[in-house]
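# Results of the structural survey
Below, each chain spelled out in residue letters.
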Amino acid sequence: MEVWQVWFLIGAALVFFMQGGFAMVETGFTRAKNAGNIIMKNLMDFCIGTVVFLLLGFSLMMSENYVLGLIGVPNLQIFTDFANFDFSGFVFNLVFCATAATIVSGAMAERTKFSAYCIYSAAISLIIYPIEAGWVWNSQGWLFTKGYIDFAGSSAIHMVGGITAFIGAAILGPRIGKYAMDRKTGKKTARAIPGHSLTLGALGVFILWFGWYGFNGAAAGGVAQLGSIFLTTTVAPGVATVVTMLFTWIKNGKPDVSMSLNGALAGLVAITAPCANVDALGALIIGVVAGVIVVLAVEVIDFKLHVDDPVGAVAVHGVNGIWGTLAAGLFANPNVPGADGAPNGVAGLFYGGGAAQLGTQATGVLAIAAWTAVTTTLLFLIIKKTNGLRVKPEEEIAGLDITEHGLVSSYADFLFSPEAIEPSSLPASVPGTEPIEKAVPVVRKPHPLPDSDFKFTKVEIIAKPSRLEDLKVAMNAIGINGMTVTNVMGYGMQKGNLAAHYRGVEVDVTFLPKVRLDIVVCKVPVETVIQAAKKVLYTGHMGDGKIFVYDVENVVKVRTGEEGYDALQDE
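Given the structure is predicted, the values throughout are model-derived calculations rather than measurements.

### Brief notes about the packing of aromatic side chains
Applying the stated rule across the entire model yields 22 aromatic pairs. Centroid distance W7 to F230: 6.3 Å. Interplanar angle 50 degrees. Geometry classified as tilted. Highlighted residues: W7 in helix 1 (residues 2-28) and F230 in helix 9 (residues 223-252), separated in sequence by 223 residues. A relative accessible area of 31% places F230 in the partly exposed class. Centre to centre, the rings of F53 and F58 are 5.8 Å apart; their planes meet at 65 degrees, and the pair counts as edge-to-face. Assigned by exposure class, F53 and F58 land together as buried. One residue, K41, lies across the ring of Y117, its end atom 5.3 Å from the ring centre. For K458, the ring lying beneath its charged end belongs to Y550, and the centroid distance is 5.6 Å.

Pasting the structure below:
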């Protein structure tokens, strides 16, 4: 028995670690200028949640003095009778409570006041989540006594978080630039705002998946039940991810990375309620459906309802939380082992149990959804009227890191760097249709110069990063022994169009990585520099690069004080 009590707490620790996963997913799926704000929110929703859950939330949820199956009577036993307090139960329920609060953060990211976030996060952990979760998991809760199946929280946690996220994002409004009017049709259309790091997003998904074994498995009462839960918690997200990948591949022509990451989370959310009640076939079917509906839900919410959800929280947690809870009434297998290792005896519609269990599941979903919708709508409207919910437009544009936290950047020491490609590892020319004059245009910018025996000229070359090493070799070969290289982003007449899609939305403008070489010459003829650069850059395609030529008035070498021609020479 003590072994399972230890596992119970280990599972709680795994669930706590999921906070890091949520932070990484949200950070990766949004822009870098808000990364610090997002990390702060994910830190504080747990910490604020700890305070309010300690003072009131836990008592409302799990009090032994439970009124009419609806709400617990606060007793502050944690302060008055600590020796006999349920320490493990408190920690376990706290980490789950924090998960419900953090789901909301992603859907309202990049434009919410930090003070508003702290207020609604506290309210969720103080009242909204504890009351409905008590219906499900307190042994006297009205849904618990009806035999409602939500083993680990598809409805009590994820659906609640998803509904709250939808209402909050709808009241808050979309990010600046997310939607625009199509001049041809006159309809509002969605625009892609890509996240700054899918790598971070993927790391977050892996962390969440790892933590989900504790999320679903911590309450297992025996080895057989735990093994069954681990199996279903692996099958459903695995299948869902494959289905999402194939669905987006067929639909958009290429497999969507961010949607596939959402697909994994959708499968995990959907299996959370029935994880201890379904077999492998049930988990597989649940995963297939989750993998499809997460894509459809993202697109309906974005394209049709025009609710801006940067991370897909509503589709992943809200829609699939509902699906997973109802699926328990369809696929519950009475032969799946219970806590004691014996068959649990609960049958869903497709396993001979009739519609009774499905009806119980639907009743619970409707009741919890109604409670959540009413309370969170009132909450957000009150915050909007009093504290204010949204930052000013200029603050949103500048980024919440600097405006809300005084943080210049979460990545202060990181710079873009060109890929390390060996000189001449790429072909100097590939078949193309554009003549060299168009592919590598030269723009000359004259400047009135004073009388001088020497003429100084600055040559600025904009090129693809893959050509940098060959450019350096070519410049050295003609006697250029000094240059400045800067990593830049930009696009030309084609707006960086590579037929790219992000979360089902065509990316209208893509800033592509480029390098800029600045060279000042005097002795080496400018035309020699231009021809050497063209030879390296030219492939015959638009976008090969550009060369700008400027007159320079003077050059000063700081170390020696030399000016003019002498400043460009060295020992």
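### Focus: empty space enclosed by the protein
Across all of its chains, the model carries three cavities of 30 Å³ or more by this definition. The computed volume of the largest cavity comes to approximately 160 Å³. Taken together, 17 residues line the largest cavity, and the ones lying closest to its centre are K178, V298, D302, D309 and R503. With three residues, the single largest contributor to the lining of the largest cavity is helix 11 (residues 280-304). Within the lining of the largest cavity, the residues separate by chemical class into 10 nonpolar, one polar and six charged. Its volume calculated, the second largest cavity comes out at about 130 Å³. For the lining of the second largest cavity, the elements supplying multiple residues, two or more each, are helix 1, helix 4 (87-107), helix 10 (257-272) and helix 12 (313-331). The residue inventory of the lining of the second largest cavity, partitioned by class, reads eight nonpolar, five polar and one charged.

### Observations regarding the confidence of the model for the protein
Here the protein averages 90 in pLDDT, and 91% of its residues register 70 or above. Confidence drops under a pLDDT of 50 for residues 415-422, and excluding neighbours within four residues, the segment shows 10 contacts in the predicted structure.

### A few points about the nonpolar core
In terms of nonpolar packing, the biggest core is built from 109 residues, with Y120 and Y129 touching the most fellow members. Top element by residues in this core is helix 4. It accounts for 12 residues. Those residues in contact with Y129, other than ones at most four positions away along the chain, are M61, F96, C97, A100, I124, W137, A156 and I157.

### Section: a nonpolar patch on the surface
Residues V67, L68, L70, I71 and V73 make up a contiguous nonpolar surface patch of roughly 400 Å² in combined accessible area. Along the chain, V73 turns up in the loop between strand 2 (71-72) and helix 3 (77-80).

### Brief notes about the environment of T457
Mapped onto the elements, T457 comes out in strand 6 (residues 456-463). According to the relative accessible area criterion, T457 is buried, its value standing at 4%. A sequence separation of 62 residues divides T457 from I519, and the C-alpha atoms of the two residues are 8.2 Å apart. In this view, T457 contacts I519, V520, V521, V526, V549, Y550, D551 and V552; residues no more than four positions away in its chain are not counted.

### Topic: the pairing of strand 10 (residues 512-521)
Where strand 6 lies against strand 10, seven bridges are found, and the strand directions are antiparallel. Counted as the bridge partner of I462 is R516 from strand 10.

### Structural notes on the side chain of N34
Locating N34 in the fold gives a position in the loop between helix 1 and helix 2 (35-62). Among the polar contacts listed, one links the side chain of N34 to the backbone nitrogen of L400, at a separation of 2.8 Å. Residues contacting N34, with those up to four places away along its chain left out, are E110, G399, L400 and D401.

### Comments concerning helix 17 (residues 468-477)
Structurally, the α-helix is built with 3.6 residues per turn, so residues lying three or four positions apart point the same way. All buried positions along helix 17 are accounted for by L468, D470, L471, A474 and M475. Taken end-on, helix 17 shows its buried residues confined to a sector of 160 degrees, consistent with a single buried face. Residues of helix 17 that are buried make contact with strand 6, strand 7 (484-490), strand 10 and helix 18 (526-537). Downstream of helix 17 by one or two residues, G479 has phi in the positive range, about 95 degrees.

### As for the pattern of salt bridges
When their charged atoms lie close together, side chains carrying opposite charge are able to pair. Under the counting rule described, the total for this entry stands at 13 salt bridges. Its salt-bridge partner being R516, residue D518 comes within 3.3 Å of it at the nearest N-O pair. Overall, the relative accessible area of 27% leaves R516 in the partly exposed class. Between K557 and E562 there is a salt bridge, with its nearest N and O atoms 3.8 Å apart.

### Thoughts on the packing of helix 17 against helix 18
Relative orientation of the contacting elements helix 17 and helix 18 amounts to 150 degrees, with a least axis distance of 9 Å. The pairing of helix 17 with helix 18 is recorded here as roughly antiparallel in orientation. Crossing of helix 17 over helix 18 shows right-handed handedness. Counted together, D470, L471, A474 and M475 of helix 17 and V529, A532, A533, V536 and L537 of helix 18 form the full contact between these two elements. Its residues placed into classes, the contact of helix 17 with helix 18 shows eight nonpolar, no polar and one charged.

### A look at unusual backbone geometry
Although it is not a glycine, L76 sits at a positive phi angle of roughly 55 degrees. Relative to the assigned elements, L76 resides in the loop between strand 2 and helix 3. With a phi angle near 80 degrees, E110 is a residue other than glycine that sits in the positive phi range. With respect to the helices, strands and loops of the structure, E110 is situated in the loop between helix 4 and helix 5 (114-137).

### So, the environment of L265
Position of L265 among the secondary structure elements: in helix 10. Accessibility expressed as a relative area gives 5% for L265, which makes it buried. Each C-alpha atom, one on L265 and one on L94, is 21 Å from the other, the two residues being 171 residues apart in sequence. Non-local contacts of L265, meaning those with residues more than four positions away in its chain, are made with V205, L208, W212 and V316.

### Observations concerning the environment of Q225
Structurally, the position occupied by Q225 is in helix 9. Sequence separation of Q225 and N320 is 95 residues, and the distance between their C-alpha atoms is 23 Å. Every residue in contact with Q225, bar those within four places of it in the chain, is listed here: F151, A219, A220, A276, P337, G338 and A339. Looking at Q225, its side chain comes within polar contact range of the main-chain nitrogen of G221, at 2.8 Å.

What counts, and where the lines are drawn
Residues numbered from 1 in each chain as written. Predicted model: local features only at pLDDT ≥ 70, side-chain atom pairs only at ≥ 80, totals over all residues. Heavy atoms only, no water. Phe/Tyr/Trp six-rings, centres within 6.5 Å; stacked < 30°, edge-to-face > 60°. Helix = DSSP H or I, 4+ residues; strand = E, 2+ residues; numbered from the N terminus. Buried < 20%, exposed > 50% of the residue type's maximum accessible area, 1.4 Å probe, protein only. Lys NZ or Arg CZ within 6 Å of the ring centre and 35° of its normal. 1 Å grid on protein atoms, 1.4 Å probe; cavity = no way out; pocket = protein on both sides within 12 Å on 5 of 7 lines; lining within 4 Å. Points joined across faces, edges and corners; volume = space filled by probe spheres on them. Nonpolar A, V, L, I, M, F, W, Y, C, P; charged D, E, K, R; others polar. pLDDT = per-residue confidence, 0-100. Contact = heavy atoms within 4.5 Å. Core = buried A, V, L, I, M, F, W, Y, C linked by side-chain atoms within 4.5 Å. Patch = residues over 30% accessible without salt bridge, like charges linked within 9 Å, V, L, I, M, F, W, Y side chains within 5 Å. Areas by Shrake-Rupley, 256 points an atom, 1.4 Å probe, with all protein chains shown as cover. Salt bridge = Lys/Arg side-chain N within 4 Å of Asp/Glu carboxyl O. Pairing = 2+ DSSP bridges. Polar contact = N/O pair within 3.5 Å; in protein donor to acceptor, adjacent residues only side chain to side chain. Arc of directions from axis to C-beta. Axes fitted to C-alpha atoms, helices over the stretch in contact; angles between N-to-C directions. Parallel < 35°, antiparallel > 145°, perpendicular 65-115°, else oblique. Left-handed = near helix turned anticlockwise from the far one by under 90°.

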